[in-house]
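Examination of the molecular architecture
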Amino acid sequence: MDAGIGVILATGKTIDAIYPLVRSLNLKLPQITQSGAVTVNRDLRIISSTVIGPDHYLDVVKTIKREGGYPLACLSSGKIFYEKYHPDMDHIKKVGEKLIPVDSLQTPYFSHHATILSTAIAETHPLDRLLRDKYSSVLQVVRSGQYFFDILNLKATKGNALLKLLEVLNIDPKSIAAFGDSPNDLSLFEVAGLKIAVGNAYQSVLDQADIITAENYRYGLAQAIYGHLLS
């Protein structure tokens, strides 16, 4: 930031989860949350949000429950709700998200206001392939981590959210460097002029990267910043 480079956190996390980072780093630009479904301004007020839509929402919830899964519904506010708790949801809580129990997710309120439907499953879980096969043509089906499987509106991507911000800020996409590690970062790579993947990224992300840096737990982000952005 001291070098005049702006910082946007394009994340699958909610507003509440990124609040400490935005405040401690004193970030000035708008931020992209919920994998592109919700964009907030510097004061963390919502600029735009894209909901799933009631018809698709209810069908996905029913499918997840019928197949023995445990759905979670996230609203634009960042609040995440669930009906029955499963131990794999601990992975979601560990990244700073708060989960709220409700009697039912199949209500008009949730169906009209949900921005993300999630289920905490690993890639090897049968639901992963089933949900992809059934909904990928009409919804955004993305994975943002080992137990982070999300379903959003087809237009709700990090890349689309970034393009809208760049248009408002009058910034050339070619001047953007995007860092990624998960499939939900691929839409950022489609926009950015420089694509950087950490060494432990998903293979699909590594395949699209211009630069592959060290793993995120070995300071890959810092190495790329000092080695490529500031050099």
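Right above here is the structure, for reference.
Structural notes, computed from the coordinates. (Residues numbered from 1 in each chain as written. Predicted model: local features only at pLDDT ≥ 70, side-chain atom pairs only at ≥ 80, totals over all residues. Heavy atoms only, no water.)

Another aspect to go through is the packing of helix 2 (residues 54-66) against helix 5 (residues 126-135). Remark: helix 2 packs on helix 5, axes separated minimally by 11 Å, with the N-to-C direction vectors making an angle of 150°. With respect to their mutual orientation, helix 2 and helix 5 come out roughly antiparallel. Crossing of helix 2 against helix 5: the hand is right-handed. Residue-level inspection shows D59, V60, T63, I64 and R66 of helix 2 in contact with helix 5, the latter providing L127, L130, L131, K134 and Y135. Residue composition of the contact of helix 2 with helix 5, by class: six nonpolar, one polar and three charged. (Axes fitted to C-alpha atoms, helices over the stretch in contact; angles between N-to-C directions. Helix = DSSP H or I, 4+ residues; strand = E, 2+ residues; numbered from the N terminus. Parallel < 35°, antiparallel > 145°, perpendicular 65-115°, else oblique. Left-handed = near helix turned anticlockwise from the far one by under 90°. Contact = heavy atoms within 4.5 Å. Nonpolar A, V, L, I, M, F, W, Y, C, P; charged D, E, K, R; others polar.)

Side chains carrying opposite charge are able to pair once their charged atoms draw close together. Inspection of the entire model under this criterion finds nine salt bridges. In this structure, D210 and K195 form a salt bridge, with 3.9 Å as the shortest nitrogen-oxygen distance. Here D210 is found in the loop between helix 8 (203-208) and strand 12 (211-212), whereas its partner K195 is found in strand 11 (residues 194-197), with 15 residues between them in sequence. D210 sits in the partly exposed class, given a relative accessible area of 47%. According to the relative accessible area criterion, K195 is buried, its value standing at 18%. When salt bridges with common partners are traced through the structure, they connect D128, R132 and R143 into a single cluster. (Salt bridge = Lys/Arg side-chain N within 4 Å of Asp/Glu carboxyl O. Buried < 20%, exposed > 50% of the residue type's maximum accessible area, 1.4 Å probe, protein only.)

Glancing now at the pairing of strand 10 (residues 177-180). Of the two faces of strand 10, only one is covered, namely that formed by A178 and G180; the face formed by A177 and F179 stays uncovered. As defined by bridge partners, strand 10 adjoins strand 11 across four bridges and the pair is classed as parallel. What sits directly across from A178, in strand 11, is K195. A crossover connection joins strand 10 to the parallel strand 11 through helix 7 (residues 186-191); in handedness this β-α-β unit is right-handed. (Pairing = 2+ DSSP bridges. Right-handed = clockwise from strand over helix to strand, strands pointing away.)

What follows covers a nonpolar patch on the surface. On the surface, a nonpolar cluster with roughly 320 Å² of combined accessible area is contributed by I5, Y226 and L230. Structurally, the position occupied by L230 is in the segment after helix 9 (220-229). By relative accessible area, L230 is classed as partly exposed at 43%. (Patch = residues over 30% accessible without salt bridge, like charges linked within 9 Å, V, L, I, M, F, W, Y side chains within 5 Å. Areas by Shrake-Rupley, 256 points an atom, 1.4 Å probe, with all protein chains shown as cover.)

The three strands lie next to each other as 10-11-12, forming an open sheet whose pairing is parallel. At either end of the open sheet lies a strand with only one pairing partner, and these are strand 10 and strand 12. For strand 11 and strand 12, the ladder comprises two bridges, and the chain directions are parallel. The residue of strand 12 that forms the bridge with A197 is I212. Seen against the sheet, helix 9 touches strand 10, strand 11 and strand 12 and runs at an angle of roughly 160° to strand 10.

Mapped onto the secondary structure, D128 falls in helix 5. If near-sequence neighbours (up to four positions away) are discounted, D128 is found in contact with I121, A122, E123, R143 and F149.

The next point concerns the packing of aromatic side chains. Under the counting rule described, the total for this entry stands at three aromatic pairs. Aromatic pair F81 and F110: ring centres 5.1 Å apart, planes at 65°, arrangement edge-to-face. Of this pair, F81 sits in strand 5 (residues 80-82) while F110 is found in helix 4 (residues 108-113), placing the two residues 29 residues apart along the sequence. Each of the two residues, F81 as well as F110, counts as buried. On the numbers, 5.9 Å between centres and 75° between planes, the contact of Y109 with F110 is edge-to-face. For F110, a relative accessible area of 7% puts it in the buried group. Aromatic ring contacts, followed pair by pair, group F81, Y109 and F110 into a single cluster. (Phe/Tyr/Trp six-rings, centres within 6.5 Å; stacked < 30°, edge-to-face > 60°.)

This part takes up the sheet that holds strand 9 (residues 148-153). Pairing within the open sheet is mixed, and its six strands lie in the order 6-5-4-7-9-8. Unpaired on one side and paired on the other, strand 6 (99-101) and strand 8 (139-145) mark the two borders of the sheet. The sheet shows a mean angle of 30° between the axes of neighbouring strands, taken without regard to direction. Pairing analysis gives three bridges linking strand 5 to strand 6, with the strands arranged parallel. Across the sheet, I80 pairs through a bridge with L99, a residue of strand 6. Of the strands in this sheet, strand 4 (71-75), strand 7 (114-119), strand 8 and strand 9 are in contact with helix 2, which crosses strand 7 at around 15°. The sheet contacts of helix 5 involve strand 7, strand 8 and strand 9, and relative to strand 8 the element is tilted by about 150°.

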